[in-house]
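The residues making up each chain are set out below.
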Amino acid sequence: MTTREASHAGSWYSSRSSTLSAELDGWLAQVPKSIDGRELPVPGARVIIAPHAGYSYSGPAAAWAYASLDLSNAKRVFLLGPSHVLYLSGCALSKHSKYATPLGDLVVDRETVKELRGTGKFDDMSTNTDEEEHSLEMHLPYIYKMLSRSFSSSAEFPPLVPILVGSTNEAAEKSYGELLAPYLADPTSVFVISSDFCHWGLRFSYTYFLPAGSTTGVSLSKRASAPSNPSIHESIGQLDRQAMDAIESGKHKEFLNELRQTGNTVCGRHPIGVVMAALEALEREKKGDSESGKGRFKFVRYERSSDVEDVSDSSVSYASAYAVL
């Protein structure tokens, strides 16, 4: 029985349980009681997309996804995040039995992990990779907080299935999507997808700009004058809106085509792609109901770390969404 340490506690978020708990409660309290006329949590919203930056940046935006999440029937929580520290062409699983948070430990669903490992389609994360990666860890305190609101004790919490998603191509995302589709179809499964959106600036090697009235952008050089029609941050907003629209379309290929066209640096594009492929697999099997909007993501919050005006500036975008199944 080994436990993955909360390696980013004390830097990316508070390591003090009382402080962290109060911060999470505060951000969740800022979310309206209903969104677009739907009371929260949204019944059947078993899939969410939420950001994974330091909590001072993305904590408030992530609260919108978690407030929407329906945990009423949850018996296991799948957590899919992109790999920042290890190159993978596929996906990897954790070898640990627990994931620590300052609020308490989350137990890993060893039975489901064993089933997935038995497919021969997954690698294993080393302890170093597991603990260096932040995309999964940044969701653990929120997951613990939401479970503590839904279950009377931590002994009743549904276990966690952490999956690290590498630089998967379209075929691999479809393959993993089909593999995970039966789990997604299970009404007791919850899926959390970890992703930030546009990383814009010279430090990210991404300065794509969409001029007003144009569908084709240009990459701004470091000596370029600050554009005003539109401003850079308005262009970033448009790029992210196009990516979110593609995700909301429910069409995996449309999302991939949008990213190919703009190069938008959505860091969780691969876990998003895997789950979109799984949702499409369910729709093909008639287990989804696209006519009523089921199985389609709906974005409820969008923020940026700052509003970029000049090419020398930078920002990261954060978006939250849910899907009803």
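Figured I'd write up the structure that's included with this text. This one's a predicted model, so the numbers in the text were calculated from it and none came from an experiment.

Let's shift gears to the sheet that holds strand β1 (residues 3-4). One open sheet holds the three strands; their spatial order is β1-β7-β8, and the pairing between them is mixed. Two strands close off the open sheet at either side, each with one partner strand: β1 and β8 (106-107). Bridging between β1 and strand β7 (residues 98-99) involves two bridges; their strand directions are parallel. When the sheet's bridge partners are listed, Thr3 is paired in β7 with Lys98.

Space inside the largest pocket adds up to approximately 330 Å³. Of the residues in the lining of the largest pocket, the class split is eight nonpolar, nine polar and one charged. Roughly 280 Å³ of volume is contained in the second largest pocket. Lining the second largest pocket are 14 residues, and of these Leu40, Pro41, Ala67, Met146 and Arg149 sit closest to its centre.

This part covers the packing of aromatic side chains. To describe a pair of aromatic rings, one takes the distance between the centres and the angle between the planes. One pass over the full model with this rule turns up 11 aromatic pairs. Aromatic side chains Tyr13 and Tyr55 sit 5.4 Å apart centroid to centroid with 35 degrees between the ring planes, which places their arrangement in the tilted category. Note that Tyr13 is positioned in the loop between β1 and α1 (17-29) and Tyr55 in helix α2 (residues 55-68), a separation of 42 residues in sequence. Take Tyr13 and Tyr55: they sit in the same class, and that class is buried. An angle of 5 degrees between the planes, with centres 4.8 Å apart, marks the rings of Tyr66 and Tyr142 as stacked. Of this pair, Tyr66 sits in helix α2 while Tyr142 sits in helix α5 (residues 140-150), placing them 76 residues apart in sequence. Judged on exposure class, the residue Tyr66 and its partner Tyr142 are both buried. For the cation-ring pair, Arg4 lies above Tyr99, with the distance from its terminal atom to the ring centre recorded as 5.5 Å.

The rules behind each value
Residues numbered from 1 in each chain as written. Predicted model: local features only at pLDDT ≥ 70, side-chain atom pairs only at ≥ 80, totals over all residues. Heavy atoms only, no water. Pairing = 2+ DSSP bridges. Helix = DSSP H or I, 4+ residues; strand = E, 2+ residues; numbered from the N terminus. 1 Å grid on protein atoms, 1.4 Å probe; cavity = no way out; pocket = protein on both sides within 12 Å on 5 of 7 lines; lining within 4 Å. Points joined across faces, edges and corners; volume = space filled by probe spheres on them. Nonpolar A, V, L, I, M, F, W, Y, C, P; charged D, E, K, R; others polar. Phe/Tyr/Trp six-rings, centres within 6.5 Å; stacked < 30°, edge-to-face > 60°. Buried < 20%, exposed > 50% of the residue type's maximum accessible area, 1.4 Å probe, protein only. Lys NZ or Arg CZ within 6 Å of the ring centre and 35° of its normal.

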